[in-house]
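Residues per chain are reported as follows:
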Amino acid sequence: MKVDRHHSAEVRASRTSGPVLGSPVVPSPESSPWWRSGVVYQIYPRSFADADGDGVGDLEGIRQHLDHLAWLGVDAVWLSPFYRSPMADFGYDVADFCDVDPLFGDLAGFQRLLEEAHERSIRVLVDLVPNHSSDQHPWFQESKRSRDSPKRDWYVWRDGGGPDEPPNNWVGAFIEGGRAWTWDPATEQWYLHQFLPEQPDLNWANPEVVEAMHGVMRFWLDLGVDGFRIDVVHCIGRDPDFPDDQPPWDAIPHCASNEHHSTHAHIRGMRDLVDAYPGDRVIVGETALPGTRWVAPYYGDGDELHLAFNFAATHAAWDAAAWSTRIQRIEELLEPQGAWPTWVMSNHDVVRHRTRHGGSEARARATAVALLTLRGTPFLYAGEELGLEDAEVPADRVVDPGGRDGCRAPIPWTADPDHGWGPEPWLPFPPDAATLAADRQRDDPTSVLHLYRRLLAARRASTALSTGDQERLPAPEGVLLWRRWSGDPAAPADERVLALNMGASPASIDVAGLVEVASDGVGEGQSFRGHLDPDTAVVLRP
Ligand code: TEU
């Protein structure tokens with residue numbers, strides 16, 4: 001089925017004839033919407049599952065693995081971009097915000113995926129990329145045509161000091177030492193791109209751009225998606241004076257520090273639009289900024305992002321003190337404003353947590369306990385549940401200009417040599433792909449995969465873990481110890497204690513209770529003996 005991009009009769013018809021895709025999957029009370037208690041699973045479509053055997057994952061591949069996700073027990077999936085794209089940034093350079101790239105399938109296939117996910121009570125978030133488009137997008141092609149183009153002002157064009165002198169010193173991401181401006185010889189002006197030159201920045205100061213992006217949001221919401229993960233949302237407002245970045249910020253891509261107050265009004269506009277739809281739809285913003293203090297304002301006064309990504313954990317060494325400081329900071333800064341934290345250990349931009357923490361399976365398992373039991377919404381990156389490491393990508397197979405290929409390696413579904421993929425996947429498989437393959441781990445109750453499943457089940461069954469309060473408890477050196485509870489802190493309705501030993505020696509922990517989940521699987525269902533090996537974690541029921 002070909003669906004017109006702009007709210008066609010077909011789209012409306014498909015909504016009234018099929019299941020009502022826009023309705024909530026499972027209603028959630030106002031006090032605790034699903035996106036607080038739930039777990040979101042990130043899918044990078046190229047790397048997830050390949051149904052047509054061309055070596056690149058696709059929407060049909062995702063659909064065929066929905067039962068894996070339902071069995072695992074996640075509440076929602078977030079799909080990284082699957083839109084039409086020349087793939088300079090593997091889909092984050094969008095040439096049509098309202099259509100599926102043929103590499104991934106088509107809109108009818110997306111609708112089928114959405115419907116079948118909803119049948120399994122799995123919500124679907126799509127990626128909104130508001131900061132930039134592809135340079136091949138018809139909007140940019142028109143904008144570039146002449147200085148008098150009606151879309152000239154849809155992008156950011158400046159004179160600078162002529163062809164040799166860009167308008168300021170901003171650095172673009174993924175371009176070694178490169179500038180965030182490219183000279184267009186035909187119209188003799190520079191255009192802004194905080195990322196690749198193939199990703200020109202849209203001009204959000206122009207109300208027509210805002211309206212166009214709102215149209216994109218309505219298109220997907222009308223199809224029934226449950227919300228958006230919004231790419232680099234902190235970047236869309238820019239200082240209209242375009243001042244130079246000052247040291248030390250002039251040494252890193254401008255996108256890592258871009259802050260302008262106009263962004264907040266734009267986010268409020270998106271929030272109002274999404275909140276006008278029924279069914280607890282959500283906006284999760286990628287606020288890729290230096291720390292929690294920078295991220296906190298993007299929740300606004302409860303009127304901006306429902307959730308803002310916090311990448312604190314992805315920058316923390318395997319060190320209890322470092323983690324403690326970060327957890328403390330999140331509690332201090334977000335709690336008072338009623339903002340709900342997020343936890344991200346891995347994603348398609350960073351080295352996977354297992355690799356980051358030295359490759360040990362024990363640490364990967366202990367990290368899973370932290371991800372799924374700290375206060376906040378966990379974002380679980382596909383493959384984490386298999387304990388995958390980054391692939392080693394030989395120089396002749398490097399494809400990403402940003403050096404992020406390793407964490408985007410294909411998911412090994414089967415232990416066979418092709419691991420459920422076509423003959424030549426776009427990237428090499430991660431190490432130990434046969435041993436870590438999903439089918440093999442599913443048959444092994446002691447596997448990492450089963451640990452994630454037990455943690456997800458424990459979380460779902462416990463209001464303390466899913467939506468409860470949190471406090472840190474005094475702990476021996478090297479150990480993180482925290483308590484979660486719901487209801488009255490003195491006589492909690494539900495309560496758990498979590499312990500994670502990041503130290504080099506075994507620790508004694510003075511907590512009495514039942515071991516509900518152990519990262520190494522040892523002693524589950526028995527009384528806790530007060531002993532925790534290095535690189536292990538437990539969920540205790542006092
Ligand atoms: O990433 C934004 C971002 O700031 C990244 O630069 C990140 O910090 C970097 O990749 C770390 O190496 C988002 C997307 O997640 C990313 O995949 C896109 O390439 C980028 O925006 C541009 O759309």
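Residues numbered from 1 in each chain as written. Predicted model: local features only at pLDDT ≥ 70, side-chain atom pairs only at ≥ 80, totals over all residues. Heavy atoms only, no water.

Undergrad: Help me get a handle on helix 8 (residues 207-223), residues and values and all.
TA: Across its 17 residues, helix 8 extends 25 Å between first and last C-alpha, which sits within 8% of the 24 Å expected from 1.5 Å per residue. Counting buried positions along helix 8 yields 13 of 17 residues, so the element is predominantly enclosed. Regarding helix 8, its N-cap is Asn-206, as a side-chain oxygen of that residue lies 2.8 Å from the backbone nitrogen of Glu-208 further along. With its phi angle positive at about 115 degrees, Gly-224 sits one or two positions after the end of helix 8. (Helix = DSSP H or I, 4+ residues; strand = E, 2+ residues; numbered from the N terminus. Expected span 1.5 Å × (residues − 1). Buried < 20%, exposed > 50% of the residue type's maximum accessible area, 1.4 Å probe, protein only. Polar contact = N/O pair within 3.5 Å; in protein donor to acceptor, adjacent residues only side chain to side chain.)

Undergrad: Lay out the sheet that holds strand 12 (residues 342-344) with the relevant residues and their values.
TA: The sheet built from eight strands is open, its strands ordered 11-10-9-5-2-1-13-12 with parallel pairing. Bordering the open sheet on either side are strand 11 (307-308) and strand 12, each of which pairs with just one other strand. As paired strands, strand 1 (residues 40-43) and strand 13 (residues 377-381) are joined by three bridges and run parallel to one another. Note that in strand 13 the partner of Tyr-41 across the bridge is Leu-380. In the packing of helix 9 (residues 262-275) onto the sheet, contacts are made with strand 5 (123-128), strand 9 (227-230) and strand 10 (282-285), and the angle to strand 10 comes to roughly 155 degrees. (Pairing = 2+ DSSP bridges. Contact = heavy atoms within 4.5 Å. Axes fitted to C-alpha atoms, helices over the stretch in contact; angles between N-to-C directions.)

Undergrad: Can you lay out the pairing of strand 1 for me, pointing to particular residues and giving the numbers?
TA: Both faces of strand 1 are covered, namely the face carrying Val-40 and Gln-42 and the face carrying Tyr-41 and Ile-43. Here strand 1 runs beside strand 2 (residues 76-79); their pairing, made up of four bridges, is parallel. The residue of strand 2 that forms the bridge with Gln-42 is Trp-78.

Undergrad: Quick one: what's the story with the packing of helix 13 (residues 361-373) against helix 16 (residues 448-461), residue by residue and with numbers?
TA: Two elements in contact, helix 13 and helix 16, have axes separated by 10 Å at closest approach and are oriented at 15 degrees. Classed by the angle they form, the pair helix 13 and helix 16 counts as roughly parallel. Every pair of crossing elements has a handedness; the one defined by helix 13 and helix 16 is right-handed. Taken together, the residues of helix 16 that come into contact with helix 13 (itself represented by Glu-361, Ala-364, Arg-365, Ala-368, Val-369, Leu-371, Leu-372 and Thr-373) are Val-448, Leu-451, Tyr-452, Leu-455, Leu-456 and Arg-459. (Parallel < 35°, antiparallel > 145°, perpendicular 65-115°, else oblique. Left-handed = near helix turned anticlockwise from the far one by under 90°.)

Undergrad: Tell me what's going on with the packing of aromatic side chains, and back it up with residues and numbers.
TA: The final tally for this structure, using the stated rule, is 26 aromatic pairs. With 5.6 Å between their ring centres and 85 degrees between their planes, Phe-82 and Trp-220 make a pair best called edge-to-face. Of this pair, Phe-82 sits in the loop between strand 2 and strand 3 (83-84) while Trp-220 sits in helix 8, placing them 138 residues apart in sequence. In this structure, Phe-82 and Trp-220 share a single accessibility class: buried. In this structure an aromatic cluster arises from ring pairing among Phe-82, Tyr-83, Phe-110, Phe-219 and Trp-220. Against the face of Trp-71 rests Arg-442, its NZ or CZ located 4.2 Å from the ring centre. (Phe/Tyr/Trp six-rings, centres within 6.5 Å; stacked < 30°, edge-to-face > 60°. Lys NZ or Arg CZ within 6 Å of the ring centre and 35° of its normal.)

Undergrad: With reference to specific residues and values, describe the environment of Asp-75.
TA: Note on placement: Asp-75 falls in the loop between helix 5 (66-72) and strand 2. Exposure remark for Asp-75: the relative accessible area of 19% places this residue in the buried category. Each residue touching Asp-75, except ones within four places of it in the same chain, is listed here: Gly-38, Val-39, Ser-121, Ile-122, Arg-123 and Arg-460. A polar contact is formed between the side chain of Asp-75 and the backbone nitrogen of Val-39, at a distance of 2.9 Å.

Undergrad: Requested: an account of the pattern of salt bridges, with residues and values cited.
TA: Under the counting rule described, the total for this entry stands at 31 salt bridges. Salt-bridge contacts for Glu-60 lead to Arg-63; the nearest nitrogen and oxygen are separated by 2.7 Å. Residue Glu-60 and its partner Arg-63 are located together in helix 4 (residues 59-64), separated by three residues, close to a single helical turn. The exposure class of Glu-60 is partly exposed, given its relative accessible area of 29%. The partner of Arg-541 in a salt bridge is Glu-516, and the shortest N-O contact between them spans 3.4 Å. Here Arg-541, found in strand 20 (residues 537-541), pairs with Glu-516, found in strand 18 (residues 514-518); they are 25 residues apart in sequence, far enough to count as distant. Among the charged side chains, a network of salt bridges with common partners joins Asp-89, Asp-349, Asp-400, Arg-404 and Arg-408. (Salt bridge = Lys/Arg side-chain N within 4 Å of Asp/Glu carboxyl O.)

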